[in-house]
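The chain contents come next:
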Amino acid sequence: MATTSPDLAAMAGLTGAEARARIRAGQWRRPTAGVAVGYAQANVVILPAALAEPFHEFCAGNPQACPLLEVTAPGSPEPRRVAPGADLRRDVPRYRVYHHGTVMAEVDHLLDLWRPDLVAFLLGCSFTTEAALLRAGVRLRHLEQGTAVPMYRTNRACAPAGPFHGPLVVSMRPLPPAQVELARAVTARYPRAHGAPVHVGDPAALGIADLSCPDYGAPVPMAAGEVPVFWACGVTPQAAAEAARLEFMITHAPGHMFITDLRDEELADG
C-alpha cells in the first residue's frame, strides 16, 4: 500500500527525530519551513576531505552567511553533536549534486554517492529565526503560501578562502515598516542562525534587479506599503561552489533542510 504524504500541520508538531524518520521513509520531499517547529534546522554542505580546511576558513570569514554548527568526521554521515543517530545520506528531503560548479542532479538520497573521504558541514538556518518571528507576531508570507523563501545572489562579495569565493546570497521577507525594528531585534538574538538583517529596503542596493525573479526558492508578493527585509542565507556556499567550479560538492536543495535535535533557543545569544 502506498504511503500518504503528511500535510504541513502534521509535520509541524513532530520532534526533529520524528521528522527525520518521515523524510528517511520518503514521506516528505517538500521544503522544511514549518516542519518540526521549535527544532533548529541546518544547511548542509558535503565536500571531499581535501577541501574541508579551506571551507572551514570560508565559514570563519563569513560567519553571518555560514554559521557553523558541526563538522562530521571524514566518511561519517552521522552528525553526532546536533543529531546523534541521524544519517546525512538519507535525512534531507532533497539534495543537490554539483560537478565543476554546475548542478548536475537533484536526488532524494546519497546512498550510492557517499564516499569515505566526504566531510559534512552543518550551518545554522534562518528557519530558527522564523519561528521566533512568528512567536513575536510577525507574519511570514512564504509560510502562508507554503513555498520556500525567495533567495537572491547579491553584489556583495564574500571573504574568499582557498578556492571558495563568490557573492553573498540573501533571503527576503516582506514586512510592514512598523515591524522592521521588531524583526531586527528578534533575529539579532540568533547569530548562529544568520542573526539580524543585512539590508532593509531598496533591493537595487544589493544588485537585485527584480524581486519577482529569485535565484533560489519561490517569489512572494509584496503588499502595498511593505518593505523587503534581507538576511544572509545559507545558500551562499552553493553560489561559492558555482563560482569556484568545484569538481564535486553536495548540498541540500534550497529550502530542503536537515532538521537537528537542537532546540531553537540553543542557538540564541544570551
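The structure contained in this document is the topic of the report that follows. (Residues numbered from 1 in each chain as written. Predicted model: local features only at pLDDT ≥ 70, side-chain atom pairs only at ≥ 80, totals over all residues. Heavy atoms only, no water.)

1. A word on helix α6 (residues 180-188)
The cut-off we apply is this: Relative accessibility decides the category of a residue: with a 1.4 Å probe and only protein chains considered, values under 20% of the type maximum give buried, values over 50% give exposed, and everything between is partly exposed. Under the DSSP-based scheme used, a helix requires at least four consecutive residues in state H or I and a strand at least two consecutive residues in state E, with every element numbered from the N terminus. Regarding the arc, it is the one traced by the directions from the helix axis to the C-beta atoms. It only takes one pair of heavy atoms within 4.5 Å for two residues to be counted as in contact.
Within α6 the residues assigned to the buried category are V180, A183, V186 and T187. For α6, the angular spread of the buried residues around the axis is 130°, confining them to a single face. Opposite the buried face of α6, at more than 90 degrees from it, the exposed residues are E181 and A185. Among the structural elements, α4 (127-135), β7 (167-175), β8 (199-200) and β9 (227-232) are those in contact with the buried residues of α6.

2. Remarks on α4
Along an α-helix, residues three or four positions apart point the same way, because every turn accommodates 3.6 residues. Counting buried positions over the 9 residues of α4 gives 7, a clear majority of the element. Taken residue by residue, α4 has F127, T128, T129, E130, A131, A132 and L133 as its buried positions. Tucked inside the fold, the buried residues of α4 contact β1 (39-48), α5 (141-144), β7 and α6.

3. Digging into the packing of α4 against α6
For any two helices packed against each other, the geometry comes down to the angle between their axes and how far apart the axes lie. Which entries qualify depends on this criterion: In this analysis, axes come from line fits to C-alpha atoms, helices being fitted only over the stretch in contact, and the angle between any two N-to-C directions falls in the range 0 to 180 degrees. By definition in this entry, angles of less than 35 degrees are roughly parallel, angles greater than 145 are roughly antiparallel, angles of 65 to 115 are roughly perpendicular, and the rest are oblique. Working rule for handedness: look at the near helix, and if it is turned counterclockwise from the far one by less than a right angle, call the crossing left-handed; if clockwise, right-handed. In this classification, Asp, Glu, Lys and Arg are treated as charged, Ala, Val, Leu, Ile, Met, Phe, Trp, Tyr, Cys and Pro as nonpolar, and every other residue, Gly included, as polar.
Contact pair α4 / α6: the axes reach a minimum separation of 9 Å and the direction vectors enclose 130°. Taken together, the axes of α4 and α6 lie oblique to each other. When you trace α4 past α6, the crossing you get is right-handed. Of the residues in α6, those in contact with T129, A132 and L133 of α4 are A183, V186 and T187. Here the contact of α4 with α6 is built from residues that sort into 4 nonpolar, 2 polar and no charged.

4. Observations regarding the side chain of T32
Inclusion rule: Nitrogen and oxygen atoms within 3.5 Å of one another constitute a polar contact, given that in protein one can donate a hydrogen and the other can accept it, and given that sequence-neighbouring residues count only through two side-chain atoms.
Looking at the secondary structure, you find T32 in the loop between α2 (16-24) and β1. Classification of T32 by relative accessible area gives buried; the value is 0%. Within the structure, the side chain of T32 is placed 2.6 Å from the side chain of Q41, a separation counted as a polar contact. Here the side chain of T32 touches M257 through a polar contact of 3.0 Å, landing on its backbone nitrogen.

5. Side note on the nonpolar core
To be explicit about the condition: What we call a nonpolar core is a set of buried Ala, Val, Leu, Ile, Met, Phe, Trp, Tyr and Cys residues that are connected through their side-chain atoms within 4.5 Å.
Core analysis: the largest hydrophobic core is formed by 35 residues, its most contacted members being I46, V82, L122, I250, F258 and L267. For this core, the secondary structure elements donating two or more residues are β1, β3 (95-99), β5 (118-124), α4, α6, β9 and β11 (258-263). Top element by residues in this core is β1. It accounts for 4 residues. Setting aside anything within four residues of it in sequence, one finds L267 in contact with A40, L69, T128, R189, Y190, P191, R192, A193 and L262.

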